[in-house]
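# Coordinate analysis (summary)
One letter stands for each residue in the lines below.
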Amino acid sequence: MTVSPPLIPSKRQLRAVGASVTELFPSAEEPLAKPPVGSSLKPVMGNYGFPFLGHLLTTLVDPLEFARERYARYGPVSWAGGAGFKVVAALGPDAMEEVWLNKDKAFSSTRGWAPVIGPFFRRGIMLLDFEEHRDHRRIMQQAFTRSRLDGYLQLMNPIIDSTLSGWRPRQRFPFYPSAKHLLLDLAAQVFVGVELGPESDQLTRDFIDTVRGGQAAIRANVPGGVWARGLQARKRLERFFLDLLPARKRGDGADLFSVLAHSETDDGLRFSDADIVNHMIFMLMAAHDTSAIALSMLTYELGRNTLWQSRLRQEALNTPVDVSMYGAMDELPLLDQAFKEILRMYAPAGALFRQAIKDTEILGHFVPRKSQIALSVHASMRLPDYWPNPDTFDPSRFENPANRDAVHRYAFSPFGGGVHKCIGQYFAGMTVKTILHGMLRRFEWTVPDGYRVPLTWGTGPMPDDDLPIRMRRVQPAST
Ligand code: HEM
């Protein structure tokens, strides 16, 4: 039997075509808009790229190199075209700081994120602005106190323990799906408080479809399409959480859903039922993909840098820590350095969005109202101006925090900045480090010879394959 070659080109072929097409049709450099007469502002410079598509295909080829080239050519503020839009890029700590601090209240998260994930994560806290955001954040903060984190960790530990004990080491252990599976099980029990089984399986499927909806290439409600499936899944998630809510309100569970259902500020602010549901759906997304990227890329880099892996294992085996206590992982400085280095290299929330709601400026560049702004967190932490050898995994950069902070307050900013700074950053650190600590004590691993993980883009750069690792149990000799 003969097999015909597939008619649909592969992603790699598309990327190659995209690169040459954009090279063949260079578009002229021009200002995004003329600064007001008499102002000392400079224009934002850039170019649209290929008709309609703009630089879309080029950014698919290599978003990091694209951003670094723009930085070298135009500096920290530039614009580029993509699929009918013009997007202003804020690159590097100075530009991002100005947008994050938002002194003039000129940058809206609601409008910035709406075209990216709006229909699927509407009214999630990251998509709220100004006073409303402040009020919601004050309530949500009650769910992230130290004692609450302790409670989440108590729920988390047995699941991590039993999952890692169930992993069967082998030559090609598919790490990425295994990590995602573990994190989804954790989310079902620690976030939502449901037992593993058919209920949590359906929750997981709907959650995955909702996230995929936001990443759909065809961004329209075509029946049977990824977008439409995402919207239907979102509806089922809303129903699911609304049905469970009365029980969570009556109970005193330690899961995040129960905690949000009871959260109240000192002056009596509480969430409406609809907003508890909106926040839960958003929170699952904010926590899941980001933690999966951090855990997977850390495992990958340690599989390539086995000297670092051994050092971390020695630390894990030699330092007695009580993993049931929040803050225990602070006793493991090498693990902390490696975690930070991964967040720097593979920023799990790699691009953030805002929209200018009035004429404003970034670093002295005129940004007109309605400009869509992308903060390139990922590329910013790979700029050689701030990080020597930025593409090399070297956790020792974080040995002395004073050195790092001297470079720039926002040079290391994987959790963002300003009022929307990640509320779950300690939760994320606790989760990823506790899992990795358990792995280091049980397993040794390498990546297959010559293997380089192919990356695609979700919330940030993430594995485009199963991330196979060669895994074996820790040998007594190495303990
Ligand atoms: C390594 C993991 C994580 C990274 C790198 C990360 C990164 C970020 C970043 C950069 C933002 C700012 C978004 C913006 O300014 O537009 C953010 C916001 C947020 N993150 Fe995380 N995140 C992580 C894990 C988590 C986890 C585990 C949770 C929940 C348990 C969480 C919940 C949130 C929430 C609720 C917001 C919105 C905060 C607000 O708008 O006030 N994140 N995250």
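Scroll up to find the structure this text is about.
Scoring rules and cut-offs
Residues numbered from 1 in each chain as written. Predicted model: local features only at pLDDT ≥ 70, side-chain atom pairs only at ≥ 80, totals over all residues. Heavy atoms only, no water. Helix = DSSP H or I, 4+ residues; strand = E, 2+ residues; numbered from the N terminus. Buried < 20%, exposed > 50% of the residue type's maximum accessible area, 1.4 Å probe, protein only. Contact = heavy atoms within 4.5 Å. 1 Å grid on protein atoms, 1.4 Å probe; cavity = no way out; pocket = protein on both sides within 12 Å on 5 of 7 lines; lining within 4 Å. Points joined across faces, edges and corners; volume = space filled by probe spheres on them. Nonpolar A, V, L, I, M, F, W, Y, C, P; charged D, E, K, R; others polar. Phe/Tyr/Trp six-rings, centres within 6.5 Å; stacked < 30°, edge-to-face > 60°. Near = heavy atom within 4 Å. Polar contact = N/O pair within 3.5 Å; in protein donor to acceptor, adjacent residues only side chain to side chain.

### Some remarks on the side chain of Ser78
Inspection of the secondary structure assignment puts Ser78 in strand β4 (residues 77-82). Here Ser78 falls in the buried class, since its relative accessible area comes to 4%. With residues near it in sequence (within four places) discarded, Ser78 still touches Val44, Met45, Arg70, Val87, Val88 and Ala89.

### Some details on empty space enclosed by the protein
Summed over the entire model, instances satisfying the criterion amount to 2 cavities of 30 Å³ or more. In terms of lining residues, the largest cavity is bounded by Met156, Leu183, Leu186, Ala187, Phe191, Leu284, Ala287, His288, Ser291, Phe427 and Thr431. In terms of residue class, the lining of the largest cavity is made up of 8 nonpolar, 3 polar and no charged. Roughly 70 Å³ of volume is contained in the second largest cavity. Along its surface, the second largest cavity is lined by Leu184, Ala187, Ala188, Leu203, Thr204, Phe207, Leu284 and His288. Those elements that place two or more of their residues in the lining of the second largest cavity are α8 (175-192), α9 (198-214) and α12 (273-304).

### As for the packing of aromatic side chains
Under the definition given, this model contains 14 aromatic pairs. Seen in terms of ring centroids, Trp167 and Phe443 are 6.4 Å apart; in terms of plane orientation they differ by 25°. Their pairing is stacked. Taken together, the positions of Trp167 in the loop between α7 (146-166) and β7 (173-174) and Phe443 in strand β12 (residues 443-446) put the pair 276 residues apart, joining distant regions of the chain. Side by side, Trp167 and Phe443 carry an identical accessibility label, which is buried. An angle of 85° between the planes, with centres 5.2 Å apart, marks the rings of Phe241 and Phe257 as edge-to-face. Taken together, the residues span a long stretch of sequence, with Phe241 in helix α10 (residues 226-250) and Phe257 in helix α11 (residues 256-262) at a distance of 16 residues.

### Concerning the site of the ligand
In the vicinity of the ligand lie 27 residues, with His133, Arg137, Arg354, His420 and Cys422 positioned nearest. Contact between the ligand and Trp113: an oxygen atom at 3.1 Å from a side-chain N or O atom of the residue. His420 is positioned with one of its side-chain polar atoms (N or O) 2.6 Å from an oxygen atom of the ligand. Listing elements by their share of the shell around the ligand, those giving two or more residues are α6 (130-141), α12, β8 (351-356) and α17 (425-442). The greatest single-element share of the shell around the ligand, amounting to 5 residues, is contributed by α12. Classifying every residue of the shell around the ligand by side-chain character gives 20 nonpolar, 5 polar and 2 charged.

Shape descriptors only; they carry no functional weight alone.
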